[in-house]
Amino acid sequence: MNSCISTSQRFLRELHTVRFILRKEFKLWKRYPSRILFIIIMPFLSILTLYFQGMGLVGSTSSAEFESFAGTQDYLLFIIIGSAVFIFVSTAIWGVGNSIRREQMMGTLESIWVTPTSKLTIFVGVALFDGLFSSYVAFMQLLISSLVLPVDFLDLRIFVVIGIAFLLIFSLYGLGFFFTGFVLIYKELEDFTNMITSAIKMISPVSYPLSVLPAPIAFLALFIPLTYALQAIREFLGLGEYGSFYQYLGLLLLFDLIFLVVGSLFFRYAEKSAKRRGVIATH
Amino acid sequence: MGEDIAIRADDLTKVFCRNDGLFNRMKHREKIEIRAVDGVDLEIRERELFGLLGPNGAGKTSFIKLLSTLLLPDKGTASVNGWDIEKNSFEVRMSIGLTLSSERQLYWKLSAQENLEYFASLYLVKSDEIRQRVEEILEVMGLIDQRDMLIENFSSGNRQKVALCRALLNDPPILFLDEPTIGLDPSFSKSFRTIIKNRINRKENKTILLTTHYMEEADQLCDRIAFINEGKIVALDTPRNLKKSIDEKEIITLELSKITDGMISELKKLEPIHDVENITSEGSNILKVYTDSASSCIQDVFATLISNRSQVISYRTSKPTLEDVFIKITGCGLDE
């Protein structure tokens, strides 16, 4: 009686658990054939929509009018980058929370919660699966843009863009932990999810530069790490003048730290509260 | 902690607020509290098969969830395998296996083997031992030929067996089985009980805490039983001693057209009747008469009923069961 495993044994076994979580998520995903069709077609649809939208609005993929706001004429490249990075925003913020919600609805959450694996390991596994999925969609969008549209993106600069997206993603997962705590207590948050995602998309420079926003709304964008990631990427690619590239990287690191700490603390509080109220598995 | 105590609860209490949540609190000013577990003191010995018997909503599942670290207590403490449920929740979870009464505790779109391999990794079984361990357990449960079948295609009974396999994955010393045979047909329940008693408890020496509201199940399986009602333990002993605690040797159960207080008072005065209880439920008027000898008082009982203009629809005599003990102690049946 009373025997347990050492911390190093636990760490190693939890690393293996991440592999099993990825495998389980993939198996559950592929049991629904419509999902396979979705990921093949979806990148084409989203990119072509952006292309036709540009053609319809300004009659071309570049615009002198757009340059007066954004510092670049290349409307299409500007918006494709915003779109590709935004894919990570919604999956990182909501991926873990949605996964917890799915387990609640399926009735498996308590079975997971009662195992000795730490919640962080479970979140890392789910986040990795979602991250791989988002990376695939973003990569396909950029690839299709390079092959089909008049946009040149297939060069080494893509690795810097990936690096910046990587810096962004930690702060987004911090937000994700925060919202996962909400899911644990308040359950159905689909409308809230849509509202927050739309608000982030509206406030931050995903589809247009900040200069088109009224000053009070543009001020709010300063509190969203996505703003700095997009500014850094566009600055690096020469799509306008946005300020210091390295300053943006520093700000991203600061956001990573703050959001991860605050998100994790809130999740721990929410889990404790859910256990006190007995609502972990309720719908 | 005593040498052979596997589970201990001291004044363990869990209170739920029905009007929790912002809008409910605005609507009802006063908190509506439900004491799901109310000051439970309990010790379960190592290798014991212990039953928690009570009606729906008595607090059985809440008690198991407290011990499994799925709920936090509001008062009191408990230890499982020597570990405190609040301070050492990781060690507690390493020491237990749990099956819940819900059918949907497995992934229906995964096969039995895929489910068990995934959960084995969550139970931190060494990765190079997972496949072998899963196959061993499936073999023991007689499910090895169905290992690649999706859970959605299993019968309810076999799903419950897979859930039991999952609880055994990390070879825990303690098992919590919450209503393990609920919804299963009688023959399957019987074979399931045999596995629990003979294989898991006797052969593998595991301590088992089992909740049920089936008295026969508790009677057949358990070394000791605690009756739980409204969150409180109201009796605790071996099934034999609990049944002995009823002085009466026989019980006459009568279904009548009507029951009146006057009729009950008259019956209570008859010899050798010790007690009469009205356990009317769901439109049936049921009376239980506790006596030393049914044959010596049955005529007087019928005469009293006729004089009170109550018609006997059916009657039977029987020896006391655990349910009778439960009714005697709590005044309500297990189905209520």
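Within each chain, residue numbers correspond to sequence positions counted from 1 in written order. Labels follow written order: the first chain is A, the first ligand is 1, and so on. At least 70 in pLDDT is required for a residue's local features to be given in this predicted model, at least 80 for side-chain atom pairs to be given and counted, and no such filter applies to totals for whole chains, interfaces and linings, which use all residues.

A. Layout of the overall build of chain A. A helix here means a DSSP run of H or I that spans at least four residues, while a strand means a run of E at least two residues long, and both kinds are numbered starting from the N terminus. Along the backbone of chain A there are 11 helices and 0 strands. The order of α-helices and β-strands along chain A, N terminus first, is α-α-α-α-α-α-α-α-α-α-α. The quantity called the radius of gyration is restricted to C-alpha atoms. Its globule counterpart is 2.2 Å times the number of residues to the power 0.38. A compact globule built from 283 residues would reach a C-alpha radius of gyration of about 19 Å, and chain A, at 21 Å, matches this within 12%. When the backbone C-alpha atoms are referred to their principal axes, chain A occupies close to 75 × 40 × 35 Å. C-beta atoms are placed from the backbone for every residue, and two residues are taken to be in contact when these atoms lie within 7 Å. Here the contacts in chain A between residues at least 6 apart in sequence split such that 76% fall between residues at least 24 apart.

B. Local environment of the domain arrangement of chain B. In terms of domain boundaries, chain B breaks down into domain 1 (5-243) and domain 2 (247-319). On a C-alpha basis, the centroid separation for the pair domain 1 of chain B and domain 2 of chain B is 39 Å. Segmentation into domains, and thus their bounds, comes from an automatic or database assignment.

C. Main features of the interface of chain A and chain B. On the side of chain B, 33 residues touch chain A, which itself brings 30 residues to the contact. Secondary structure elements with two or more residues in the side of chain A that touches chain B: α1 (7-30), α5 (109-113) and α11 (245-277) of chain A. Sort the elements by how many residues they give to the side of chain A that touches chain B and α1(A) lands first, with 8 residues. Partitioned by chemical class, the residues of the side of chain A that touches chain B number 11 nonpolar, 9 polar and 10 charged. Gly falls in the polar group here, along with every residue not listed as nonpolar (Ala, Val, Leu, Ile, Met, Phe, Trp, Tyr, Cys, Pro) or charged (Asp, Glu, Lys, Arg).

D. Representation of the pairing of strand β14 (residues 312-318) of chain B. Residues and elements named next belong to chain B. The exposure label follows from counting other C-beta atoms within 10 Å of a residue's C-beta, where the C-beta atoms are placed from the backbone and the thresholds are 20 or more for buried and 12 or fewer for exposed, leaving partly exposed in between. Counting buried positions over the 7 residues of β14 gives 0, only a small fraction of the element. Bridge count between strand β11 (residues 250-256) and β14: 6 bridges; the pairing is antiparallel. Counterpart to Thr253 in the pairing with β14 is Arg316. Whether two strands pair comes down to DSSP finding at least two bridges between them.

E. Inspection of helix α12 (residues 322-330) of chain B at higher detail. Residue and element names in this part refer to chain B. The element α12 is extensively covered by neighbouring structure, given that 7 of its 9 residues are classed as buried. Inspection of α12 places Leu322, Asp324, Val325, Phe326, Ile327, Lys328 and Thr330 among the buried residues, and these make up the whole buried set. Positioned one or two residues after α12, Gly331 has a phi angle of 80 degrees, which is positive.

F. Spotlight on the environment of Leu209(B). Residue and element names in this part refer to chain B. Within the element layout of this structure, Leu209 appears in strand β8 (residues 207-212). Between the alpha carbons of Leu209 and Leu49 there is a distance of 6.2 Å; along the sequence they are 160 residues apart. Residue contacts for Leu209: discarding those within four places in its chain leaves Ile7, Ile44, Phe50, Leu52, Ile64 and Phe176.

G. Layout of the packing of helix α2 (residues 33-58) of chain A against helix α4 (residues 75-106) of chain A. Residue and element names in this part refer to chain A. Axis definition: a line fit to C-alpha positions, over the contact stretch in the case of helices; interaxial angles, taken between N-to-C directions, run 0 to 180 degrees. In the contact formed by α2 and α4, the axes pass within 10 Å of each other and the chain directions differ by 145 degrees. Pair α2 / α4 crosses with right-handed handedness. Taking contact as the criterion, the partners of Ser46, Ile47, Leu50, Tyr51, Gly54 and Val58 in α2 are, on α4, Tyr75, Leu76, Ile79, Ile80 and Ser83. Looking at the contact of α2 with α4 residue by residue, the classes come out as 8 nonpolar, 3 polar and no charged. Take the far helix as the reference: if the near one is turned anticlockwise from it by less than a right angle, the crossing is left-handed, and if turned clockwise, right-handed.

H. Focus on the sheet that holds strand β10 (residues 232-237) of chain B. Residues and elements named next belong to chain B. Spatial strand order, β6-β7-β8-β3-β9-β10: 6 strands in an open sheet with mixed pairing. The sheet is open, and its two borders are formed by β6 (96-99) and β10, each paired with just one other strand. Between one strand axis and the next, the sheet turns by 15 degrees as a mean value, whatever way the strands run. Here strand β3 (residues 49-53) pairs with strand β9 (residues 224-229) via 4 bridges, running parallel. Residue pairing across strands places Leu52 opposite Ala226, the latter belonging to β9. Along the sheet, helix α7 (residues 186-203) makes contact with β3, β7 (174-178) and β8, crossing β8 at roughly 155 degrees.

I. Quick peek at the environment of Phe133(A). Residues and elements named next belong to chain A. Within the secondary structure layout, Phe133 lies in helix α6 (residues 119-148). By the C-beta count within 10 Å, which is 18 here, Phe133 ends up partly exposed. Residues Phe133 and Thr91, 42 residues apart in the sequence, show an inter-C-alpha distance of 8.9 Å.

J. Fine view of the nonpolar core. Nonpolar cores are built from buried Ala, Val, Leu, Ile, Met, Phe, Trp, Tyr and Cys residues. These are joined into a set through C-beta atoms within 7 Å. Counting residues in each nonpolar core, the largest one holds 144 residues, and the members touching the most others are Phe88(A) and Ala229(A). It is α4(A) that contributes the most residues to this core, 18 residues altogether. Excluding anything up to four places from it in sequence, Ala229(A) contacts Val85(A), Ile164(A), Ala165(A), Leu168(A) and Leu252(A). Counting residues in each nonpolar core, the second largest holds 15 residues, with Leu256(B), Leu267(B), Leu287(B) and Val301(B) among its members.

K. Broad picture of unusual backbone geometry. Residues and elements named next belong to chain B. Look at Asp11: it is not a glycine, yet its phi comes out positive at around 55 degrees. As for its placement among the helices and strands, Asp11 is situated in strand β1 (residues 5-17). Judged by the 13 C-beta atoms lying within 10 Å of it, Asp11 falls in the partly exposed class. Although it is not a glycine, Asn205 adopts a positive phi angle of roughly 55 degrees. Within the secondary structure layout, Asn205 lies in the loop between α7 and β8. Taking the C-beta count within 10 Å as the criterion, Asn205 has 10 such neighbours and is therefore assigned exposed.

L. Representation of the sheet that holds strand β13 (residues 285-291) of chain B. Residues and elements named next belong to chain B. Strand order in the open sheet formed by 4 strands is β12-β13-β11-β14, with antiparallel pairing between adjacent strands. Of all the strands in the sheet, just β12 (273-278) and β14 have a single pairing partner and so form its edges. Within the sheet, the average angular offset between the axes of one strand and its neighbour, ignoring direction, is 15 degrees. Bridge count for β12 against β13 is 5 bridges, and the pairing is antiparallel. Bridging across to β13, Ile273 finds its partner in Thr291.

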